[in-house]
Structures are given as C-alpha cells and as structure tokens.
Amino acid sequence: MDCVDLHSVSDWLHSISKLSFLRTLSLSSCYLPSPSSSLLHINSSSFLQHLSLQYGNIATFPLLNLWLNQSYFLQSLDLSGNSLVGGEKDIKFLRHLDKLKILDLSSNSFSFNFSELILGSEKLIEILRLSENKIVGSLDEIKKFNSLRKLNLGNNQLSGSLPDMSTMLSLEVFAIGKNLFHGNLMGSNIGHLSNLKCLDVSSNSLDGAISEISFSNFSKLDVLILSDNSLTLNLGTHWIPPFQLSGLGLRSCELGPKFPNWLHTQTKLDTLDVSNNGISDLFPQWLTNLSNLDYLSASQNRIRGKLPNIPSFLNLVDFSSNLLEGPMPKNYSRVSTLILHKNKLSGTISVLCTNISTEFEYLDLSNNFFTEKIPECLWKVNHLYSLNLANNNFFGEIPLSIGHLNNMVALHLRNNRFDGEFPVFLQNCTSLLVLDLGNNYFTGGIPASIGESLKELKILCLDSNELKGSIPINICQLQSIQIMDLSSNHLSGSIPTCFKSLMTKYDEWMPNAETYGSSQQTYGILDSFEESFFDYEWLMWKGIEVEYGKNLRFMKLIDLSSNKLVGEIPVEITDLHMLNSLNLSRNKLTGSIPDKIGEMRSLESLDLSNNQLSGAIPPSLASISFLAHLDLSNNNLSGCIPLGTQLQGFTEAYEGNSKLRGPPLPTKCHRDEPENAPQQGGIDEGWIIWDFDFFVSLTLGFIVSFWGVCGTLILKSSWRHAYFQFLEDKKEKICTAIVVLGAKLKRGMRAN
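Overview of the structure. Quick caveat: nothing in here was measured; it's all calculated off a predicted structure.

Reading guide: rules and limits
- Residues numbered from 1 in each chain as written.
- Predicted model: local features only at pLDDT ≥ 70, side-chain atom pairs only at ≥ 80, totals over all residues.
- Heavy atoms only, no water.
- Buried < 20%, exposed > 50% of the residue type's maximum accessible area, 1.4 Å probe, protein only.
- Helix = DSSP H or I, 4+ residues; strand = E, 2+ residues; numbered from the N terminus.
- Pairing = 2+ DSSP bridges.
- Disulfide = S-S within 2.5 Å.

**Topic: the pairing of strand β15 (residues 230-234)**
- Of the two faces of β15, the one lined by L231 and L233 is fully buried and the one lined by S230, T232 and N234 carries no buried residue.
- One ladder, built from five bridges, connects strand β13 (residues 205-211) with β15; its direction is parallel. Bridge assignment links G208 to a residue of β15, and that residue is L231.

**Some points on the sheet that holds strand β21 (residues 323-326)**
- A sheet is described by the order of its strands in space; here four strands give the open sequence β19-β21-β23-β25, paired in parallel fashion. What marks the edges here is a single partner per strand, and that holds for β19 (304-306) and β25 (369-370).
- In this sheet, β25 lies alongside strand β23 (residues 344-347) in parallel orientation, the contact comprising two bridges. Its bridge partner being in β25, S346 is matched across the sheet by F369.

**What about the state of the cysteines?**
- In total, this model carries three disulfides according to the counting rule given.
- At a sulfur-sulfur separation of 1.8 Å, the disulfide partner of C353 is C377. On the sign convention where negative means left-handed, the S-S torsion of about -70° between C353 and C377 marks this disulfide as left-handed. With a gap of 24 residues between them, C353 in the loop between β23 and β24 (362-364) and C377 in the loop between β25 and β26 (386-388) connect regions that are remote in the sequence.
- Judged by its relative accessible area of 25%, C353 is partly exposed.
- In this model, C640 is linked to C669 through a disulfide, with the two sulfur atoms separated by 1.5 Å. Taking the sign of the torsion about the S-S bond as the criterion, the disulfide between C640 and C669, at about 60°, is right-handed. Within this pair, whereas C640 is found in strand β45 (residues 636-640), its partner C669 is found in the loop between β46 (659-661) and α5 (685-715), the two being separated by 29 residues in sequence. Each of the two residues, C640 as well as C669, counts as buried.
- Regarding the disulfides, the protein carries the connectivity 1-2, 3-4, 5-6 under sequence-order numbering of its bonded cysteines.

**Some words on the pairing of β13**
- Relative to β13, strand β11 (residues 180-184) runs parallel, the two sharing three bridges. Within β13, the residue paired with N184 across the bridge is D207.

Take a look at the structure:
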C-alpha cells in the first residue's frame, strides 16, 4: 500500500490488526495519522514478518512499541525517514524481536550510544541501517553482530578509532561517512574483508597511507569513497586494480600532480569525484571512453588546457576552480548540471543552443571570459533552477525569454555589461529566491512588482547600476529578505518607514543542491558536490568586499549607501533586531541617529558616514555587544562620545565631526574636566555623609548589643547565677589543664 494517503484514516492500526495471518505489510509514504488511544490494547498480527513504515509520518512511540512487542516473528523492520525522536529506552522493543534480520532506523533523530545497543537477534542481524541520526559512541562492540552483511552508520556523531575488523568476514557494505572517527584506516585490518562491495569512510579524520597491497583482497569492491580525510594514496601509475568500480569518491586524497592513470581501467564508473587533489595535468584522452559516467567532478584542482569532450548524457559535470581555457564544446548542451565557474573559458555559449537539453537544471559559467548576449534558446529549458553568468563580459539587454523561466530559483548576472531598462518581466519568475543584477548598466526605477510578485526573495542585489527614483514602498512586502543591496545608484527620496516589515519571516535556509533539483544520492558520493551548489555573493562587509558561500545563509544585511537619499533615518528601522549590517553612508540624510539604535543587538557593522547627521551619539549604541565596525565620520555630530569599551576602540569612526568630544578623540569632554571630577586629597561630601551614618550605626549597634546582654544579667537573677557559674566552671577547667601541663613538662625535664 505504498504511497496511499491514509492521513484521514484514524483506525488504520485497528484495521490491520484484524488481518491475523498477514506476513508482509508495506505502508511507505502513506502519511499515517496517529492511532487513537482506544487502540492501546489491540492484538496485532503475531505472524507479521516484514514491516515497512518508511516515511510514514510516525511520531507516537508508545503505540508503536505495543504493536511491535506483539510481532514475534518479525524478520524485517523499516522505520526510516520518520520523525522519531528518542533514546535507548524508546527502542527497547528491539530486545523482543529475536528473529530480526533487517533493521532500518535511518533518517530519524535517535540519540543513543551504539556500544549499548541491544538487539534480541544480535547473532542473526544481517542488515543494520542507522544513518542520519544522532548516535554516539564507538564501534568497539561491533563484533557481537558477527552475521552482519551491510552496516550503514553514516552521518552520526560516532567517534574513536576503528576496531579490529578482521573477524567481520561477511561484511559487504561498511558505510561510516560523516562521523568523527580518527586513526589509521588500514590499521583496523579492514583489508581482510574480501566480501566487501561498498566502503564509505568519507568525511572523518582518518589518516595513513593506502598502497596497492591494501586493495589486494577487494576483488568484489563496487563503491569506494575515501573523500575528505587525511589519507594518502600511494598507487603506481601502472597499477591495475583487482576490482571494477561503479562509484569512486577520492576528494582531497592528495592524488596529484598527475591525473591518476589507473582510472582508465574502471570502465563501469558512473560516478567519479577527484576534486581538490592538487592535479595540475591535462584531462586525459581516455576520459571519453568512460561511457557509463553519470556524475563527474574534477573541481578545485589546477587542471589546464581545453575542456575535454565528455561522454554522452552526463547528468552532472563540475570542472570549476581550475585553469581551463578556450571555448565550450557542443556536447556540453546535454548536461543537466554544468558547473564551470572560476576558469579562463571564453568565446560564445550559444553552442548550448545546438541541442540543449530540456532537463537543464543548473548552469554556472561565472568568473570566466565569455562575451556575447544571452542566447534566446534558454526559454526552452523549463526546469532551469539556477542561472549564474556573473563576472563575465556578457552585454546587451536581458532577453524576454528569461521571464518564461518560472521555476528559476536563483539568477546571477552580476558584474557584466548588461544595459537597458530594469527587466520588469522578471516578475514572472515568482519562484526566485536570489536575484543579483549588481554592477551593470541598468537604468530606470526599481519596479513595485518586485515586492508584489517576488515575495519569496531572500537576496536582492541591484547595486552599482544607474537606477533612479525612490525606493518603492512595495519592497517592504519582501518579508523573507535577508540581504538587500541597493547601493551605488541614483536613488532619491527618503528611506521607507515600512522597512520594519522586512525579515519578519526570517529563517536560515538558503538555496543549495536540493533546491536545484539535484538531491539524488548516489552512494553518498554526491555529498562532496554540495559545496558547488551553494549560492555565493560578493558583499560589502565591515568596509571590505568579501565573497560569501555557505555562510551566506547566516547573513542579514541592508546596504543603501552611495545614493541621494534624504530625510531622517526612520526610527522604525531599529525594529530589525536580527540585522547584522546596516550601511546608509554617502547619502544626504539629516536629523539625528535614532535613540533606539542600541536595540539592534545583532549589529556587527554600522556605517552612517558622509551624511548630514547632527545631534549626539545615542548612549544606547554602547550596548551593542557584537559591533566590530563603526563609521560615523564626516557628519555634524556633537557632544560626548558615550563611554563603552567598543566605542572607544574605533579611532577613525568619528573623523570629520568637529563638535564631538571625548576619547578616543584628543578633545576632552566636559565630564572629564578637573572641576567635574572628585578632588584629589580632599574629603568628598558623599564620603562625609557616608562616614557619619556609618559611625552612628556602629555606636547604636554596640549600645544595643551591650545592654541586651548586661541588662538581662542585671534584671534576671537566675540567668545571672547561671552565667557566673558557667564562668567559674570554665576557670576551674583552665586551671586544672595548666597544672597538668606543668607537671608533664617537669617530668620531661627530669628525664633528660
């Protein structure tokens, strides 16, 4: 019954329990509702052997425990992809399933110690999948599962060194990627596992050298993922592996400087990742002979020469961050994800129109030397999620066909020579999260349709153009915006007071591989491609232009600098409590800095320089703890600079304000004048009053205490008699002790 929507069927468990001879039940992706509490005492099928509730939206452990505790003959259990949260006590039902051979709890939020995991079928379990949880501990107790054929513990928090694996001879899949393991990989005797078909140890801290001998027993190996460790591969150029791989991940394995020649023997490869390996070679000719390739990454190397001809129907190609040059071959038009940024490529991209794939999803040609207009054929690509042509020499107007890409999530055209009126037709791209048209020659005003149609925008960069007119009030409808850069234009008018509506739907999510439809997981190797999919932006941060990649999701920035804005800074802007950077410099703003500026607690950078601001610096500014960059220079500010460790550390922030006083400026503030400070060597009036009160209190305390005791002894004869009797007893004890001590001393002296 997979993929049958059962969310409105509240008695689903009761109905199933009536099938007393049921052997196999599969309810994957059925959106199961929580069973009613009236079902707590049902009798489920005791003959059930195979149960799959994968992606079933299960979140009620008590009923699940009751049901599974009665499934005595269960051999296969799949609870993966649910919202299950719990520890060891929540999976105690596993101790009763003594016939279980297959267990899949992956993609949940379990948080138990793997070393303390107890299964009722430890000697029988063959397949154990626990990936993508929060499991801790080590693999020291792995030997108790001596029948294991497949073990997947990837993406957890396991740690320690790998134990001796030589006794796990039945193991076919060993996947522990994305954990915290360390130590020598081959020191664990993993090379003894002759039945191994899949080995994934990626993204750990494993080290050591791997030689040809290390692979000598791996004749059945099909998938090998060693990426992102500290491993070194010592493999000869003429080595012929004993295996034929379909998937190979060797990211950051120090393979260079030559391209690994032994790869040409792996004719069955469908996924190959040799990125970040210091390869400074040319692409080898035999690469085109790998006709089964589907995913190919050789990014972050120093590969030179021209783009190679690639096998037909590749799904993903990533040759970014190399030294490739020359034009683009025609057969690249069939790729669905093409990443070529940060090279020296040139010529035309119109070759993509020759036989362009309608399945194109992601095209990144940024940071190259392409020169032409954007080809009209892109409108045929209905599934294009991201188009990045930034930092090239493209010119002309944006073609109307771009407006037909209504599935597009990100459009990057920064730093080219595009011109013409602002492309209003982009309002049709209602799925846009990122729109970057910065550093071009666009004219006209900012259309109100941006706020009305592109309500999901998170990044809007229109800086360094020729835009004019006022900032439309409709832009305040961008409640999900996190970065807005309208700087270096000719915008006029005042700053809208409705800016307080921005960022009210804030979250840390940003476009990534999954956004662009490239979330396929091929043996986990595609995890190493994740970095290529993250959007990146050049932002002015703390006065310096910085490129942000993965950390872009945490940025909250507004930059309206270098325009012709007038009027006062609206006090409403201080309601943006999550804002990290605010830049209003180089405008014609007047009035004072809002007193509530200190409520912007997350500010790390504030630039209000080169305006006509007047009045005092608000004392609340000193309460912003994270402020690391401040520039208030070239205004008409006056008065004392508020005292605060950070504000006194910005030595150049106050230049060009002749009426400002106090440190760090050399001009003294009136509060620092000698007549306003306590006199040296004299007695301060406050201390006189304090001393008088102190001595009065001391005297009264002594009088009350003295007469509280002595007065009682005078008036109460029984207490007086007891008190003096107590003193007399003490006197006798002291005298007796002195006499005894003296006698001891005399005897000691005589003995000497």
